[in-house]
Amino acid sequence: MTKNKPLKLTKENYYSQAANLDYMSVSQFKSFMDCEARTMAELHKEWSRNESTALLVGSYTHTAFESEQAFNDFISENEKKIYKARGTGKRAEFEQADLMIETIKKDPLSMIVMDGEKEAIVTANLFGTTWKAKLDVLNHDKKRIGDLKTTQELQKRFWSVKYNGWVSFIQAYDYVLQMAVYKAIVECHFEGDYKPYIVAVTKQNPPDKAVIQFHQNWLDSEYSFLEEKMPRVIAVKNKELDAMRCEECEYCRATKQLKDAINLEDLLKK
């Protein structure tokens, strides 16, 4: 992590290597929690993950609420991935995304939460380092932060090692932590109590939807988690500590070097 003044962030350089080296982000923190070795390899351009269709569909859905121009530009830039060959319409995943977009646009409460400045870039010093965030929606008049999420089903349960129990998709994908960080960054610069909300829409047909709010005790729990984990994350990112391998992700599988044989029963250990 650079010791100089961090890069001034813009829409064009927000996702750049320089920005990622200078700043911590929620996605980067989550990546460190998953596998330190892979995250360091990605930060230093030694490894990159293939862009998944799910990620592209997510970007397509989000861009639809940014602006008409941004949405049209996104479609033009990704036309071959969005449309079937020979002009036979959009691929199934994007037709489903259109249903999800329309579901949100027809819902008054969802659109209230989605009202405000789009793709707002904010930064702040938190938990020992400088963070960056790009917010789906920031509304200063209403003191509200909005974020759009897609999911398979609203009530689907996931087993969580972090929470040691069955949780919703919101906890499983660390969206509580994400909204806690967003709230903390915004309140470093603007007066008032900013309330975070998630607008969730499902990939069902027809899609389901919900607006989700967060009680302060949930957010406080994530702040405690960050205070516990960030010293090591910072030290690893600064190369003061060796990055640990998870030995399960695609990076670890690709770079794995066998040193010894294992016992049969080791195959069932985690």
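Residues numbered from 1 in each chain as written. Predicted model: local features only at pLDDT ≥ 70, side-chain atom pairs only at ≥ 80, totals over all residues. Heavy atoms only, no water.

**Observations regarding the pairing of strand E2 (residues 129–139)**
So, point 1. For E2, the buried fraction is high: 11 of the 11 residues fall into the buried class.
So, point 2. Here nine bridges tie strand E1 (residues 117–126) to E2, and the two strands are oriented antiparallel to one another. Opposite Thr123, over in E2, you have Lys132 as the bridge partner.
So, point 3. Connecting the antiparallel pair E1 and E2 is a turn made up of two residues, with Phe127 showing a positive phi of about 55°.
So, point 4. Pairing of E2 with strand E3 (residues 144–151), which is carried by three bridges, proceeds in the antiparallel orientation. The residue of E3 that forms the bridge with Leu138 is Ile145. (Buried < 20%, exposed > 50% of the residue type's maximum accessible area, 1.4 Å probe, protein only. Helix = DSSP H or I, 4+ residues; strand = E, 2+ residues; numbered from the N terminus. Pairing = 2+ DSSP bridges.)

**With respect to the packing of aromatic side chains**
So, point 1. For the structure shown, the criterion picks out 15 aromatic pairs.
So, point 2. With 5.5 Å between their ring centres and 75° between their planes, Trp47 and Tyr251 make a pair best called edge-to-face. Taken together, the positions of Trp47 in the loop between helix H3 (36–43) and helix H4 (53–63) and Tyr251 in helix H12 (residues 250–255) put the pair 204 residues apart, joining distant regions of the chain.
So, point 3. The exposure class of Trp47 is partly exposed, given its relative accessible area of 23%.
So, point 4. Within the aromatic cluster, the residues linked to one another by ring pairs are Phe29, Phe127, Trp131, Tyr223 and Phe225. (Phe/Tyr/Trp six-rings, centres within 6.5 Å; stacked < 30°, edge-to-face > 60°.)

**Remarks on the sheet that holds strand E7 (residues 209–213)**
So, point 1. Ordered by their spatial adjacency, five strands build an open sheet running E1-E2-E3-E6-E7, and the pairing between neighbours is mixed. Looking at strand neighbours, the two that pair on one side only are E1 and E7, the edges of this open sheet. This sheet shows a mean twist of 40° between the axes of neighbouring strands, independent of strand direction.
So, point 2. Direction of pairing for strand E6 (residues 195–202) relative to E7: antiparallel, over a ladder of five bridges. Directly across from Ala200, in E7, lies its bridge partner Ala210. (Axes fitted to C-alpha atoms, helices over the stretch in contact; angles between N-to-C directions.)

**Overview of the packing of helix H2 (residues 26–34) against H3**
So, point 1. At a minimum axis separation of 6 Å, H2 and H3 run at an interaxial angle of 135°. Judged on the interaxial angle alone, H3 and H2 are oblique. Where H2 abuts H3, its residues Gln28, Ser31, Phe32 and Asp34 lie against Glu36, Arg38, Thr39, Met40, Glu42 and Leu43.
So, point 2. Residue composition of the contact of H2 with H3, by class: three nonpolar, three polar and four charged. (Parallel < 35°, antiparallel > 145°, perpendicular 65-115°, else oblique. Contact = heavy atoms within 4.5 Å. Nonpolar A, V, L, I, M, F, W, Y, C, P; charged D, E, K, R; others polar.)

**Focus on the packing of helix H10 (residues 175–187) against helix H11 (residues 216–237)**
So, point 1. Direction vectors running N to C along H10 and H11 enclose 90°, while the axes themselves pass 9 Å from each other. Taken together, the axis directions place H10 and H11 in an arrangement best described as roughly perpendicular. Contacts between H10 and H11 pair Val176, Leu177, Met179, Ala180, Val181, Lys183 and Ala184 from the former with Gln216, Trp218, Leu219, Glu222, Tyr223, Phe225 and Leu226 from the latter.
So, point 2. Looking at side-chain class alone, the contact of H10 with H11 contains 11 nonpolar, one polar and two charged residues.

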